[in-house]
Amino acid sequence: MKRLLDRFVGNTPNRRVEPAAQADDEGYFVTQFMERPVDLRISSAWQARALGVGAQAIDGQQGLGLLLKAWGGDALLASLPPEELHKLLEHVHFVSVPAGRELIVQDEKGDYALVVLDGLVAVDRIQPTGARARLAEAREGDILGEMSLLDAGARFASCLTLSRCTLAVLTHSTMDELAIEEPRLGMALMGAIARRLSLRMRHLSARLGALLTSA
């Protein structure tokens with residue numbers, strides 16, 4: 001994540017950057033976080049996944065409107081003029097995906113993240129037994145797969161559409177392009193991603209703390 005942030009900071013000299021579901025059983029924390037063999041991890045790019053899930057491109061203006069409705073209140077994004085925000089259309093893809101499609105597969109190595117603009121997505125952790133444990137349900141404004149977008153690591157969970165969903169697609173190349181061509185816009189988008197990742201980690205820490213103190 002630091003390397004990706006450095007790209008934006010390096011392209012903006014003298015610019016200052018502003019800083020639930022329950023476990024299935026008592027074996028949850030024994031099995032949920034077990035590492036799977038490395039050979040089970042596969043690489044997957046969005047282009048291939050889009051074909052597999054039947055993603056259909058939607059009107060860019062419509063998608064941008066939904067993205068700004070969900071994220072436009074973030075401080076850095078809100079500080080940008082409309083004409084600069086409009087440049088997101090050159091870098092971000094907007095798609096619609098039917099219900100019952102696996103957007104992200106646990107243990108694969110990812111190069112994209114998805115912002116839920118409309119619809120409902122299940123976030124499940126697949127246990128070694130094959131059972132699915134519901135970690136969360138993502139709705140408007142939630143982001144999926146941001147950790148793998150930042151570090152290219154293996155996916156922690158699988159994400160399945162529970163209804164038809166409208167999504168904004170952010171890839172490694174999207175972030176690279178923005179860092180080079182539109183650093184202010186890229187930094188604002190990066191800030192929105194980082195804030196949501198921080199909130200998620202705080203929520204997880206609180207849940208773990210509550211479980212440990214009640215044990």
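Structure shown above.
Read on for an overview of the structure. (Residues numbered from 1 in each chain as written. Predicted model: local features only at pLDDT ≥ 70, side-chain atom pairs only at ≥ 80, totals over all residues. Heavy atoms only, no water.)

What follows deals with the sheet that holds strand 11 (residues 165–171). Strand order in the open sheet made by the five strands is 2-3-11-6-9, with antiparallel pairing throughout. Each of the sheet's edge strands pairs with one partner strand only, and the pair in question is strand 2 (56–57) and strand 9 (143–144). In this structure, strand 3 (residues 93–97) lies alongside strand 11, joined through five bridges in antiparallel fashion. Bridging across to strand 11, histidine 93 finds its partner in valine 169. (Pairing = 2+ DSSP bridges. Helix = DSSP H or I, 4+ residues; strand = E, 2+ residues; numbered from the N terminus.)

Here we come to the nonpolar core. Ranked by size, the top nonpolar core spans 27 residues in total, and within it Trp71, Val115 and Leu170 carry the most contacts. Elements with a contribution of two residues or more to this core: helix 4 (60–71), strand 6 (112–118), helix 7 (146–151), strand 11, helix 8 (172–181) and helix 9 (183–214). With seven residues, the top contributor of residues to this core is helix 9. Excluding its chain neighbours within four sequence positions, the residues that come into contact with leucine 170 are Val92, Asp111, Tyr112, Ala113, Val115, Ile143, Leu149, Leu189 and Ile193. By size, the runner-up hydrophobic cluster in this structure holds 21 residues, among which are Ala50, Val97, Val116 and Cys159. (Core = buried A, V, L, I, M, F, W, Y, C linked by side-chain atoms within 4.5 Å. Buried < 20%, exposed > 50% of the residue type's maximum accessible area, 1.4 Å probe, protein only. Contact = heavy atoms within 4.5 Å.)

Another aspect to go through is the pairing of strand 3. Across the five residues that make up strand 3, a large majority, four, are buried. Pairing analysis gives two bridges linking strand 2 to strand 3, with the strands arranged antiparallel. Bridging across to strand 3, glutamine 56 finds its partner in serine 96.

For helix 3 (residues 46–53), the set of buried residues is Trp46, Arg49, Ala50 and Val53. Down the axis of helix 3, the sector holding all buried residues measures 105 degrees, keeping them to one side. Residues of helix 3 that are exposed and angled more than 90 degrees away from the buried face: Gln47, Ala48, Leu51 and Gly52. Glycine 54 sits one or two residues past helix 3 and shows a positive phi near 70 degrees. (Arc of directions from axis to C-beta.)

In this section: the side chain of serine 96. Along the polypeptide, serine 96 turns up in strand 3. Judged by its relative accessible area of 11%, serine 96 is buried. One polar contact links serine 96 to arginine 164, side chain to side chain, over a distance of 2.8 Å. With near-sequence residues (within four places) excluded, serine 96 lies in contact with Gly54, Ala55, Gln56, Ile58, Arg164, Cys165 and Thr166. (Polar contact = N/O pair within 3.5 Å; in protein donor to acceptor, adjacent residues only side chain to side chain.)

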